[in-house]
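Understanding the architecture of this molecule
In case you want the letters, here they are:
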Amino acid sequence: MTGLAGLRRALHGHPEVGLDLPRTQRAILDALDGLGLEITTGRGLSSVTAVLRGGRPGPVVLLRSDMDGLPVTEATGLPYASVNGAMHACGHDLHMAGLVGAARILAGLPGTVVFMFQPGEEGFAGGKLMIEEGVLDAAGERPVAAYAVHVDCVTPAGHVVTRPGPIMSSANALRVRVTGTGGHAALPQDSVDPVPVAAEIILAIQSFTARRIPVSDPAVISVTRLSSDSPASNVLATTVSLEANVRALSRQTLALIRTELPKLVTAIGAAHGCTVATEFVESYPVTVNDPAETARVLALLDERYGDRVVRLPFPGMASEDFAYVLDEVPGTLIFLGVQPEDGTSGPMHSDRAVFDDSRLDEHAALLATLARRRLSWARSAIMNSGG
C-alpha cells in the first residue's frame, strides 16, 4: 500500500476540471501499470476503465472513483497545494488513490471487478457519458452491484456514513426569461418593466417551495442567477433572465415542480403584461442506495467499524452523478470521514477544505472488501440455488 498518499498528493497538486483530464488520466494509467488489468480509455472524455479478471467465471462487481477538480483557487497553505487555479475541494484525489489501492489489493482475486475512473462529476455528467460508452458492459456482463466511497472532510476521521434508499438529491435547473418593452427609467408608466415582475417571480418560487411541496418529501429551489439587458442605469430593461437550482428527493416531487412551477411563473408574467419563456434543464437524478445491497453493506460496516457507523436518518440535498450508475445497477454510496485531527478544515467545495490522507489504506481496503464480499455472496447464492 506504500505510495497511495504520494499519489494522492501528486494528483492534488495538479487538478483538472471537467471531462478532459489528460494529466490526471496519465497518472492513473501509470499507477495501474503492471497489475494485469484490461484497460480502456474513453472516447469523448478522459476516463479509465480497468477490468480485473481473476480466472473464475461468475458475477461482476463495479467500484467507482471520480477524477475531476473544481474551479476553486486553493487557500489551504498545504505544501502540496494546487497553484493552477483549480482544486480537489471535494476529495476526488483521495477517491482515485483509494481505488488504485483497491485494485492493488484485489490483483489476483478469483473474480471479476470493474474499476471505473470517471471525469466530469462536478456538473458534467461524466458518469452518464461513461455508461453511454459502455462501462457497465466492460466485463462482458453487467455488474451485480456497484459501490463508491466518498470522503468527507467535516465528518470525524474513520466514521462511515450511509443509508438505504435515497441518500442524495437530484439536481436540475429552471431557466426563466421575462420580457417587457424597455423604455426610459423616468417614465415607467409608458413601458412594461420586467424587473419588478422578475422580483415577484423570485418571491413566488420561495412560496411555491413552502406551500406546494410536502415536508415529508422535500425540495430546495434556489435562485442562483439574475441579470438584465439594461445598458445603463436610466434605461429600463427589456428582458430579465434568472436561473433556479432545483433539488428533490423523489421523482414525484420533481415531476410536480417541473410541471407546475413554469405555469406559475408564466402566469405571473402574463398578469403584468410580460411574456415569459422557461426551460427546464435536467441534470443529476436522485442518488438511491439499493435497500438489499445496503443491508449487506451495513452488516459489513457494523462488523468492521462498530460504533463508528452512522446511519443517516434523512438524505442530503447535495447531488452525485454516481446516481446514474445506481439507476442501472443496485449498489451503495458510502461516506468516509477524513476530517483532520485538529478539525481545521473548511467545508466541502471550499478553498479551505483539507482532507486527512492517512486513511487512504483504510479507504482502499474498504472498497476491496466490498468487492470481495459481494462476489462471495453472489457465488454462495448461485450454489445454494443449484446453479
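For the structure, see preceding data.
Below: a short report on this structure. Bear in mind the structure is a predicted one, so any value in this text is a computation, not a measurement. (Residues numbered from 1 in each chain as written. Predicted model: local features only at pLDDT ≥ 70, side-chain atom pairs only at ≥ 80, totals over all residues. Heavy atoms only, no water.)

**Some thoughts on the state of the cysteines**
Short version of the rule: Pairs of cysteine sulfur atoms within 2.5 Å are what we label disulfides.
In this structure the tally under the stated criterion is zero disulfides. Residue Cys90 stays outside any disulfide, its sulfur separated by 8.5 Å from that of Cys153, the closest cysteine.

**Thoughts on the packing of aromatic side chains**
As a reminder of what qualifies: Only Phe, Tyr and Trp rings are paired, with Trp represented by its six-membered ring, and only when their centres lie within 6.5 Å; those with planes under 30 degrees apart are stacked, over 60 edge-to-face, the remainder tilted. Only DSSP runs of H or I reaching four residues or more are called helices, and only runs of E reaching two or more are called strands; each is numbered from the N terminus. We call a residue buried when its accessible area falls under 20% of the maximum for its residue type, exposed when it is over 50%, and partly exposed in between, using a 1.4 Å probe and counting protein chains only.
Throughout the structure, instances matching the rule amount to one aromatic pair. Judged by centre distance (5.7 Å) and plane angle (85 degrees), the ring pair of Tyr284 and Tyr324 falls under edge-to-face. Of this pair, Tyr284 sits in strand E13 (residues 275-284) while Tyr324 is found in helix H8 (residues 323-328), placing the two residues 40 residues apart along the sequence. By relative accessible area, which is 4% here, Tyr284 ends up buried. The buried category is assigned to Tyr324, whose relative accessible area is 13%.

**Some points on the pattern of salt bridges**
Basically, it comes down to this: Any carboxyl oxygen of Asp or Glu that lies within 4 Å of a side-chain nitrogen of Lys or Arg is treated as forming a salt bridge with it.
The final tally for this structure, using the stated rule, is 24 salt bridges. We note a salt bridge from Glu328 to Arg142, for which the minimum N-O separation is 3.1 Å. Taken as a pair, Glu328 in helix H8 and Arg142 in the loop between helix H4 (126-132) and strand E5 (145-152) lie far apart in primary sequence, 186 residues in all. Residue Arg142 is classed as partly exposed on the basis of its relative accessible area, which comes to 36%. Its salt-bridge partner being Arg258, residue Glu282 comes within 2.2 Å of it at the nearest N-O pair. Here Glu282, found in strand E13, pairs with Arg258, found in helix H6 (residues 251-271); they are 24 residues apart in sequence, far enough to count as distant. Arg258 sits in the partly exposed class, given a relative accessible area of 40%. Connected through shared salt-bridge partners, Arg8, Arg9, Asp93 and Asp357 make up one network.

**With respect to the sheet that holds strand E8 (residues 171-179)**
Applied cut-off: By this definition, two strands are paired if DSSP reports at least two bridges between them. A fitted line through C-alpha atoms serves as each axis, taken over the contacting stretch for helices, and the angle formed by two N-to-C directions is quoted from 0 to 180°.
Within the open sheet, the four strands sit side by side as E10-E12-E8-E13. Their pairing is antiparallel. Each having just a single partner strand, strand E10 (219-228) and E13 make up the two edges of the open sheet. On average, adjacent strands in this sheet sit at an angle of 20 degrees to one another, irrespective of strand direction. In terms of strand pairing, E8 meets strand E12 (residues 239-248) through eight bridges, oriented antiparallel. Across the sheet, residue Arg175 finds its bridge partner in E12, namely Glu243.

**Points about the pairing of E5**
Of all the eight residues making up E5, eight are buried; the element is thus mostly covered by neighbouring parts of the structure. Burial along E5 is two-sided: Ala145, Tyr147, Val149 and Val151 and Ala146, Ala148, His150 and Asp152, pointing in opposite directions, are all buried. As paired elements, strand E3 (residues 60-66) and E5 share four bridges and run parallel to each other. Residue pairing for E5: Val61 is matched across the bridge by Ala145.

**Looking at the packing of helix H1 (residues 4-13) against helix H3 (residues 92-106)**
Defined as follows: Throughout, a crossing is termed right-handed when the near helix is turned clockwise from the far one, and left-handed when it is turned anticlockwise from it by less than a right angle. Any two residues whose heavy atoms approach within 4.5 Å are treated as being in contact. Under the scheme applied here, ten amino acids are nonpolar (Ala, Val, Leu, Ile, Met, Phe, Trp, Tyr, Cys and Pro), four are charged (Asp, Glu, Lys and Arg), and all others, including Gly, are polar.
Closest axis-to-axis distance for the H1/H3 pair is 8 Å, and the angle between their directions is 145 degrees. H3 is crossed by H1, and the crossing has right-handed handedness. Here H1 contributes Leu4, Leu7, Arg8, Leu11 and His12 to the contact with H3, which in turn contributes Asp93, Leu94, Met96, Ala97, Val100, Gly101 and Arg104. Broken down by class, the residue content of the contact of H1 with H3 amounts to seven nonpolar, two polar and three charged.

**Quick notes on the nonpolar core**
Note that soluble globular proteins tend to have their nonpolar side chains buried in a common cluster. Inclusion rule: By nonpolar core is meant a set of buried Ala, Val, Leu, Ile, Met, Phe, Trp, Tyr and Cys residues that side-chain atoms within 4.5 Å join together.
With 58 residues, the main nonpolar core has Leu32, Leu63, Phe115 and Phe117 as its most contacted residues. Ignoring anything within four residues of it in the chain, the contact list for Leu32 reads Leu37, Ile39, Val48, Ala50, Val100, Ala103 and Phe117. Membership of the second largest hydrophobic core comes to 27 residues, among which are Val197, Ala204, Ala244 and Val276.

**Digging into the side chain of Glu74**
Threshold: Neither His nor the chain termini are counted; the positive set is Lys and Arg, and the negative set is Asp and Glu. Pairs of N or O atoms are called polar contacts if they sit within 3.5 Å, as long as, within protein, a hydrogen donor faces a hydrogen acceptor (for residues adjacent in sequence, only side-chain-to-side-chain pairs).
Among the secondary structure elements, Glu74 is positioned in the loop between E3 and H3. Buried Glu74, no salt bridge; nearest opposite-charge side chain is Arg8, N-O distance 6.7 Å. A polar side-chain atom of Glu74 sits 3.0 Å from the main-chain amide nitrogen of Ser82. Excluding anything up to four places from it in sequence, Glu74 contacts His12, Ala81, Ser82, Met87 and Asp351.

**Concerning the environment of Pro315**
The topology assignment puts Pro315 in the loop between strand E15 (309-311) and H8. A relative accessible area of 22% places Pro315 in the partly exposed class. The spacing of Pro315 and Glu293 is 22 residues in sequence and 17 Å in space, taken between C-alpha atoms. Sequence-distant contacts of Pro315, that is, excluding residues within four places in its chain, are made with Arg163, Pro166, Ile167, Met168 and Leu249.

**Some points on H6**
As a reminder of what qualifies: A helix is expected to reach a length of 1.5 Å times the quantity of its residues less one. Take the seven residues that end at a residue and the seven that start at it, fit an axis to each, and the angle between those axes is the bend at that residue.
If you check H6, its first and last C-alpha atoms are 31 Å apart, about what 21 residues at 1.5 Å a residue would give, namely 30 Å. The largest bend along H6 measures about 25 degrees and falls at Glu260, with the proline Pro262 one to four residues further on. For H6, every residue scored as buried is listed here: Thr253, Leu254, Ile257, Leu261, Pro262, Val265, Ile268 and Gly269. Those residues of H6 that are buried lie in contact with E8, helix H5 (194-212), E10, E12 and E13. Two residues or fewer after H6 comes Gly273, characterised by a positive phi angle close to 85 degrees.

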